[in-house]
Amino acid sequence: FFMETLSFGLDAAIALDTMERRKKSGRKGAVLYMESGFNQLMNHLDEYPYKASFDGGALNESRLITFAVQMGPYYGGGFKICPEAKLDDGLFDVCISHPPITALKAIKTFLKAKSGKHVGMPNFEFERARKLTLDFETEPPAQMDGEKVTGKHFDVSIEHSAIRVLTPHDPL
């Protein structure tokens, strides 16, 4: 189970590296995420072959740099990776970045993603689904809400309205 993000590839490597840096330094916040992001962008633009199916549809085969499965629009240090995502619509929003990409273009894209301005850029694909199946040839960096996960096969489904959140405006 995850509350906000399940991701693979570069974005997972950034999230995991950020958590390690936080443990070692005691620091936190967007600056730490940015430091990790620039480090990973300069040193780890790895590509991962994958196969994915969304809502039981056709099997898509491709390569990814990043693959983020989101409940809401934000992840890691306030980056608006899936700007159209809504927490209560019963759907995952998925952002996939495909190669090729140079380190310079990756850095520019990383900076645009902070405010969601990467939408519409070449190499990006966005999907919505209630469930997805994802298979990798080799195990990529992977994380759920900042915690490392391992594997090459993932079946992911949403539990719509699984929790009730009380707000100050809700009657008891």
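Placed above this text is the structure.
Let me sum up the structure you'll find in this document. Everything quoted here is computed from the prediction, not taken from an experiment.

## A few points about the sheet that holds strand S2 (residues 48-54)
Piece 1. Pairing is antiparallel across the open sheet formed by four strands, whose spatial order is S3-S2-S9-S12. Pairing within the sheet leaves two strands with one partner each, and these edge strands are strand S3 (60-64) and strand S12 (153-157). Each strand axis lies, on average, 25° off the axis of its neighbour in the sheet, ignoring direction.
Piece 2. Bridge count for S2 against S3 is five bridges, and the pairing is antiparallel. Bridge pairing in S3 places Tyr48 opposite Leu64.

## Observations regarding the packing of aromatic side chains
Piece 1. Counted by the stated rule, this structure contains eleven aromatic pairs.
Piece 2. Ring centres of Phe38 and Phe110 lie 5.5 Å apart, and the angle between their planes is 75°; this geometry places the pair in the edge-to-face category. One end of the pair, Phe38, is in helix H2 (residues 30-43); the other, Phe110, is in helix H3 (residues 103-113), and 72 residues separate them in sequence.
Piece 3. Note on Phe110: relative accessible area 8%, which makes it buried.

Basis of the calculations
Residues numbered from 1 in each chain as written. Predicted model: local features only at pLDDT ≥ 70, side-chain atom pairs only at ≥ 80, totals over all residues. Heavy atoms only, no water. Pairing = 2+ DSSP bridges. Helix = DSSP H or I, 4+ residues; strand = E, 2+ residues; numbered from the N terminus. Axes fitted to C-alpha atoms, helices over the stretch in contact; angles between N-to-C directions. Phe/Tyr/Trp six-rings, centres within 6.5 Å; stacked < 30°, edge-to-face > 60°. Buried < 20%, exposed > 50% of the residue type's maximum accessible area, 1.4 Å probe, protein only.

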